[in-house]
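Close look at the chain arrangement
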Amino acid sequence: MPIVSKDPLVVGRVIGDVLDPFENSIPIRVTYNSRDVCNGCEFKPSQVVHQPRVAIGGDDLRNLYTLVAVNPDAPSPSDPSLREYLHWLVTDIPATTGPSFGNEVVAYESPRPTSGIHRIVFVLFRQLGRERVYAPGWRQNFNTREFAELYNLGTPVAALYFNIQRENGSGGRRLYS
Amino acid sequence: MASSKIVTTNTDLPRDSSSSSSPLSSAAATSSSSSSYFLLHDQNLHYYSSSSMVMDDLLNSIYTTATTTTSHPSNPSSSPPPPPKTVDDVWKDMILTHSHRDSPHHHNHHPFEEMTLEAFLSKNGAVTDDDLTAVPSLHNHHPVAHQFPPVPAVEGSSSSAAEPFANGIDAAVAAGVPAPSSSSGGGGGGGGGGGGGGAAAVAKGKRRAVEEPVDKATLQKQRRMIKNRESAARSRERKQAYTTDLESNVQQLEIENARLLSEEVPLIIYILLHIIA
């Protein structure tokens, strides 16, 4: 099947599984231990234990943004019954700053996939105003589209994803997990 | 009292025997209707054909005790001749299969019980081919209609990666034996055919038992192959996504580099001029 689009988000099926097509308007930079995240690059669980530094662009400090990090391949990409697993949710991030200036609604949870190669997707939304966001009761089966709908976040302004698998690789059979 | 007891336990029966009728007629009626109900029931007939005799014996025994002491609250399950457990099991299965017809979302609870039951029965030759095809196709498919699934649907289900093991086997069984479409009406015919086809059932059951492992292995291989294909497709996607991302990054960096270089030269000249002059 020829893939016409050159957007890595489309090719990696992030647009489709998690998001709808959007226009990227705000630059976002995610850094784990001074290694930048680029679309589709691979990280190990040991490298993503602590929350990354996130720098968002934009001009006006008055614009507030919401950052969501989800795993659409939980617990396994061939059977994503827990899609999407919410890893991080920060709201009220002023433009040009980072999540440390925002309101952490759901704390960062380090991704630890047990089977297969998972994608971790960071999505940035622009907020219309300062709004009270309620944390979901559980992390699994989060729906980014519905969340955006619920809080009137509109379409995303930026998205980024990376791949992650078990520390020792996903190949072979494991008798004891 | 005894007759009313019989009535309450026989709630599934199509005719409701009123407690006002005499114990004699009601007991006889219920026993006869219960046995006919067994025969008309289109699932797992012949399992119950043997136990319907048990039922009749049971009911007769209750009836005899009822005539002697009408006020004796004899609990049917505690009556001696057949072991009470069998009756309860029979009733449980009956109710299960009855609710099975009514509510399709009970499907998920049954497949394993009924599959192993059928496997056990087919090995013992107690069940004919018709019954074997009748039941697996029923809980093999989620649609409410108790029709037989068309073969493409069976293949479709077996090709889906997340299909549970039991359904896959049943699909093979159902696909292997041509599914007669007269299942719902096949109750009466099955009853007649069951007795006559007993001997044939033994041979066919044994043959199927031999064929099943082969089908199991093939199905497993198929499933594994499909999963592998999906995994390979995902892997290719990943690779391509990474490559396109790298390419776009490279492009952007080249542009910026060119821009910076082009700006660098005038700057150097400007500085030199200021140093010299």
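Please refer to the structure placed before this passage.
These remarks concern the structure in this document. Since the structure is predicted, the reported quantities are computational estimates derived from the model, not experimental observations.

1. Points about the overall build of chain A
- Along the backbone of chain A there are three helices and nine strands.
- The helix and strand sequence of chain A, counted from the amino end, reads α-α-β-β-β-β-β-β-β-β-α-β.
- Within chain A, the fraction of its 177 residues that count as buried is 51%.
- Across chain A, contacts joining residues at least 24 apart in sequence account for 73% of those joining residues at least 6 apart.
- Taken as a whole, chain A presents about 9200 Å² of accessible surface, with 49% of it coming from carbon and sulfur.

2. Examining the overall build of chain B
- Scanning chain B from N- to C-terminus turns up 10 helices and zero strands.
- When its helices and strands are written in sequence order, chain B yields α-α-α-α-α-α-α-α-α-α.
- Per-residue burial over chain B gives 37% buried out of 277 residues.
- Long-range pairs, those at least 24 residues apart, make up 70% of the contacts in chain B with a sequence separation of at least 6.

3. A closer look at the pattern of salt bridges
- Per the counting criterion, the structure on display carries 11 salt bridges over all chains.
- The shortest N-O distance in the salt bridge between A:D73 and A:R83 comes to 3.9 Å. Placement of A:D73 in the loop between β5 (64–71) and β6 (85–94) and of A:R83 in the loop between β5 and β6 is noted, with a sequence separation of 10 residues between them.
- Judged by relative accessible area, A:R83 falls into the partly exposed class, the value being 28%.
- B:E263 serves as the salt-bridge partner of B:R259, at 3.6 Å between the closest nitrogen and oxygen. Placement of the pair is B:R259 and B:E263 together in helix α10 (residues 198–276), with a separation of four residues, close to one helical turn.
- Since its relative accessible area comes to 42%, B:E263 is described here as partly exposed.
- Through salt bridges that share partners, A:D17, A:D73, A:R83 and A:R119 make up one connected network.

4. What to know about the packing of aromatic side chains
All names here are of chain A.
- Counting across every chain of the model gives seven aromatic pairs over all chains.
- Relative to F162, the ring of F43 has its centre 5.0 Å away and its plane inclined at 65°; by these criteria the two rings are edge-to-face. Pair noted here: F43 is in strand β3 (residues 41–43) and F162 is in strand β9 (residues 158–164), with a separation of 119 residues, a long-range link. A single burial state applies to F43 and to F162, both of which are buried.

5. Some thoughts on the sheet that holds β3(A)
Residue and element names in this part refer to chain A.
- As summarised here, the arrangement of the six strands in space is β3-β9-β8-β5-β6-β7, forming an open sheet in which the pairing is mixed. Of all the strands in the sheet, just β3 and β7 (103–106) have a single pairing partner and so form its edges. Pairwise comparison of adjacent strand axes, ignoring direction, gives a mean angle of 25° for this sheet.
- Sheet analysis places β3 next to β9, joined by three bridges and oriented parallel. By the bridge assignment, F43 is partnered in β9 with I164.

6. Section: the interface of chain A and chain B
- Taken together, the contact between chain A and chain B spans 15 residues of the former and 10 residues of the latter.
- Linking chain A to chain B there are one salt bridge.
- A:R13 serves as the salt-bridge partner of B:E237, at 2.8 Å between the closest nitrogen and oxygen.
- At the surface where chain A touches chain B, the tally comes to two residue pairs in polar contact (both at pLDDT 80 or more).
- Listing elements by their share of the side of chain A that touches chain B, those giving two or more residues are α1 (8–11) and β9 of chain A.
- In the side of chain A that touches chain B, the residues fall into eight nonpolar, five polar and two charged.

7. Brief notes about the sheet that holds strand β4 (residues 53–56) of chain A
All names here are of chain A.
- Here three strands make up an open sheet; going across it, the order is β2-β1-β4 and the pairing antiparallel. The sheet is open, and its two edges are formed by β2 (35–36) and β4, each paired on a single side.
- Relative to β4, strand β1 (residues 28–32) is paired through four bridges, and the arrangement is antiparallel. Paired with V30 across the two strands is V54, which belongs to β4.

8. A word on the pairing of strand β8 (residues 118–126) of chain A
All names here are of chain A.
- Most of β8 sits inside the fold, with eight of its nine residues counted as buried.
- As judged from the seven bridges shared by β8 and β9, these two strands associate in the antiparallel manner. Bridging from a neighbouring strand, V123 pairs with A159 of β9.

Here is what the cut-offs are and how they apply
Residues numbered from 1 in each chain as written. Chains lettered and ligands numbered in written order. Predicted model: local features only at pLDDT ≥ 70, side-chain atom pairs only at ≥ 80, totals over all residues. Heavy atoms only, no water. Helix = DSSP H or I, 4+ residues; strand = E, 2+ residues; numbered from the N terminus. Buried < 20%, exposed > 50% of the residue type's maximum accessible area, 1.4 Å probe, protein only. Contact = heavy atoms within 4.5 Å. Areas by Shrake-Rupley, 256 points an atom, 1.4 Å probe, with all protein chains shown as cover. Salt bridge = Lys/Arg side-chain N within 4 Å of Asp/Glu carboxyl O. Phe/Tyr/Trp six-rings, centres within 6.5 Å; stacked < 30°, edge-to-face > 60°. Pairing = 2+ DSSP bridges. Axes fitted to C-alpha atoms, helices over the stretch in contact; angles between N-to-C directions. Polar contact = N/O pair within 3.5 Å; in protein donor to acceptor, adjacent residues only side chain to side chain. Nonpolar A, V, L, I, M, F, W, Y, C, P; charged D, E, K, R; others polar.

Everything listed is a geometric property; what it means functionally is a separate question.
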